[in-house]
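Here are the chains, one letter per residue:
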Amino acid sequence: MGLQIDIAAVTANWRALAARAPGARCAAVVKADAYGLGAARVAPALYAAGARDFFVALASEGRALRPHLPDDARISILSGHMPGEDLTGLVPVLNSPEQFFRDRALRPGKPFAIQLDSGMNRLGMEAPEWAAIRAEALAAGPDFIMSHLACADEPDHPANPAQLAAFREMTRGCEGVPLSLAATGGILLGPDYHFDMVRPGIGLYGGLPFAEAQQTVRLSLRVIQTRAVAKGEMVGYGASYIADRPCRIATVDAGYADGVLRSLSGKGAMLYSGDTGCPIVGRVSMDLITVDVTALEDVPETLDLICAHQPIDRLADLAGTIGYEILTALRQRYARSWS
């Protein structure tokens, strides 16, 4: 089995999103091992394309990434400054007054950023908290101030202008400090949301809401065995599939231990030669998937689960989830190749 990753497509998507916000610095979100595609490969390619700002979720991710990027690349930690963390060479995005005072006590003079809660109620300082430390925080010279949109993938959602207004109000008078509000969806909302820095994530990797994104991954699974199944015979655990006609079933070498979601059981298809669908039948098990290949004249060595004709968001629709989960669920058992 193999996960083929198109680095050139990732960098093309970064350039395309950067072009949507020409007045802003374009960062790159590479958390969760670059959404499963390999941050040690993806981030240096994005640096070569022009990115200088990188975001990860955890300090441990930042420490793992730091040796792969030049010193002028800034790696920001979205979880901020947690107790006991080694933040050498990293920029914590401080989410609370507690984090701010911890960081300034332990890292005086070191770079930091601030996250404000503009209405999502997840991370960041709420307006009264920010007002209480604002003067001291600004005097310390934050690298940037950011917030995050909750509904940017729904352009007409009223939360978007409400959060924009809240962010503007909370940052009024912060001249000279770069501001950032937009991830992929926010970039697509237009210039009002761009400010000084944008932070694309899922759009870099071929996912919605960036519908024009180039596809970045192809997941090909090996056929281990095929067998003839008679009408009335079962396939897989729980006898959840009973053949309604004589058919030929192929077993391929991946399952939910590899990030192929169990909710795909009996749904969708694997593809051969681009667009010939072979329905998934029975349950997705830990290491194996069973596929009806009756329609194929010859059974190939591999079948595709993710490809141009079945991108991550189409597979996500079948699984009842989102493209983010499809990508980040992919496990390390796949042989990865980058081009």
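This one's a predicted model, so the numbers in the text were calculated from it and none came from an experiment.

1. Side note on the side chain of Ser76
Point 1. Inspection of the secondary structure puts Ser76 in strand β5 (residues 74–77).
Point 2. The residues contacting Ser76, other than those within four sequence positions of it, are Phe54, Phe55, Val56, Val91, Val93 and Phe144.

2. What to know about the packing of aromatic side chains
Point 1. Applying the stated criterion across every chain, the model contains 6 aromatic pairs.
Point 2. Consider the rings of Tyr35 and Tyr324, whose centres lie 6.2 Å apart with planes at 35°: the pair is tilted. Separated by 289 residues along the polypeptide, Tyr35 in helix α2 (residues 31–35) and Tyr324 in helix α10 (residues 323–328) bring together distant segments of the chain.
Point 3. One aromatic cluster is present, formed by Tyr35, Tyr205 and Tyr324 through successive ring pairs.
Point 4. Over the face of the ring belonging to Tyr47 we find Arg52, whose NZ or CZ atom lies 3.6 Å from the ring centre.

3. Points about the nonpolar core
Buried together is how nonpolar side chains tend to be arranged in soluble globular proteins.
Point 1. With 101 residues, the main nonpolar core has Leu46, Phe54, Ile114, Trp130 and Tyr205 as its most contacted residues.
Point 2. In terms of residues, this core owes the most to one element, helix α3 (residues 39–49), which gives 7 residues.
Point 3. Setting aside chain neighbours within four positions, we find Tyr205 in contact with Val10, Asn13, Val29, Val30, Ala34, Tyr35, Leu37, Val42, Thr216, Ile312 and Leu327.
Point 4. Membership of the second largest hydrophobic core comes to 7 residues, among which are Val229, Val235, Cys247 and Val281.

4. Quick word on the layout of surface pockets
Point 1. Quantified by volume, the largest pocket comes out at close to 840 Å³.
Point 2. Contributing to the lining of the largest pocket are 39 residues, with Arg122, His148, Leu149, Ala183 and Tyr324 lying nearest its centre.
Point 3. Counting residues per element, the ones that place at least two in the lining of the largest pocket are α2, α8 (184–189), α9 (312–319) and α10.
Point 4. Tallied by class, the residues present in the lining of the largest pocket amount to 21 nonpolar, 11 polar and 7 charged.
Point 5. When its volume is computed, the second largest pocket comes out at roughly 220 Å³.
Point 6. If you trace the second largest pocket, you find 14 residues lining it, with Val235, Gly236, Thr251, Leu288 and Thr290 closest to the centre.

5. Structural notes on the pattern of salt bridges
Point 1. Tallied over the full model, the rule gives 17 salt bridges.
Point 2. Across the pair Glu98 and Arg102 runs a salt bridge, and its minimum N-O distance is 3.1 Å. With a gap of 4 residues between them, Glu98 and Arg102 both fall in helix α5 (residues 97–106), about one helical turn apart.
Point 3. A salt bridge links Asp304 to Arg218; the shortest N-O distance between them is 2.9 Å. Here Asp304 is found in strand β18 (residues 302–306), whereas its partner Arg218 is found in strand β11 (residues 217–229), with 86 residues between them in sequence.
Point 4. Taken together, the shared-partner salt bridges connect Arg25, Asp53, Arg74 and Asp143 into one network.

6. Some thoughts on the packing of α5 against helix α6 (residues 127–140)
Point 1. It is at 10 Å that the axes of α5 and α6 come closest, and there the two elements cross at 25°. In terms of orientation, α5 lies roughly parallel with respect to α6. The element α5 and its partner α6 pack so that their crossing is left-handed. Together, Pro97, Phe100, Phe101 and Arg104 of α5 and Glu129, Ile133, Glu136, Ala137 and Ala140 of α6 make up the contact between the two elements.
Point 2. Residues of the contact of α5 with α6, tallied by class, amount to 6 nonpolar, no polar and 3 charged.

7. Things to note about helix α7 (residues 159–170)
Point 1. The end-to-end C-alpha distance of α7 is 16 Å, a good match for the 16 Å that 12 residues give at a rise of 1.5 Å each.
Point 2. Every buried residue of α7 is accounted for by Asn160, Gln163, Leu164, Phe167 and Met170. Viewed end-on, α7 has its buried residues packed into an arc of 135°, placing them on one side of the element.
Point 3. The inward-facing, buried residues of α7 contact α6, β8 (145–146), β9 (179–180) and α8.

8. Some points on the pairing of β18
Point 1. In terms of burial, β18 is largely enclosed, as 4 of its 5 residues are buried.
Point 2. The sheet contact formed by β11 and β18 spans 4 bridges and is antiparallel. Across the sheet, Leu221 pairs through a bridge with Leu303, a residue of β18.

9. A word on the pairing of strand β14 (residues 247–252)
Two faces belong to every sheet, and in a regular strand the side chains alternate between them.
Point 1. With 5 of 6 residues buried, β14 lies mostly within the body of the structure.
Point 2. One ladder, built from 6 bridges, connects β11 with β14; its direction is antiparallel. Across the sheet, residue Ala228 finds its bridge partner in β14, namely Arg248.
Point 3. Relative to strand β17 (residues 289–292), β14 runs antiparallel, the two being bridged by 4 bridges. The partner of Ala250 across the bridge, within β17, is Val291.

Rules of the game
Residues numbered from 1 in each chain as written. Predicted model: local features only at pLDDT ≥ 70, side-chain atom pairs only at ≥ 80, totals over all residues. Heavy atoms only, no water. Helix = DSSP H or I, 4+ residues; strand = E, 2+ residues; numbered from the N terminus. Contact = heavy atoms within 4.5 Å. Phe/Tyr/Trp six-rings, centres within 6.5 Å; stacked < 30°, edge-to-face > 60°. Lys NZ or Arg CZ within 6 Å of the ring centre and 35° of its normal. Core = buried A, V, L, I, M, F, W, Y, C linked by side-chain atoms within 4.5 Å. Buried < 20%, exposed > 50% of the residue type's maximum accessible area, 1.4 Å probe, protein only. 1 Å grid on protein atoms, 1.4 Å probe; cavity = no way out; pocket = protein on both sides within 12 Å on 5 of 7 lines; lining within 4 Å. Points joined across faces, edges and corners; volume = space filled by probe spheres on them. Nonpolar A, V, L, I, M, F, W, Y, C, P; charged D, E, K, R; others polar. Salt bridge = Lys/Arg side-chain N within 4 Å of Asp/Glu carboxyl O. Axes fitted to C-alpha atoms, helices over the stretch in contact; angles between N-to-C directions. Parallel < 35°, antiparallel > 145°, perpendicular 65-115°, else oblique. Left-handed = near helix turned anticlockwise from the far one by under 90°. Expected span 1.5 Å × (residues − 1). Arc of directions from axis to C-beta. Pairing = 2+ DSSP bridges.

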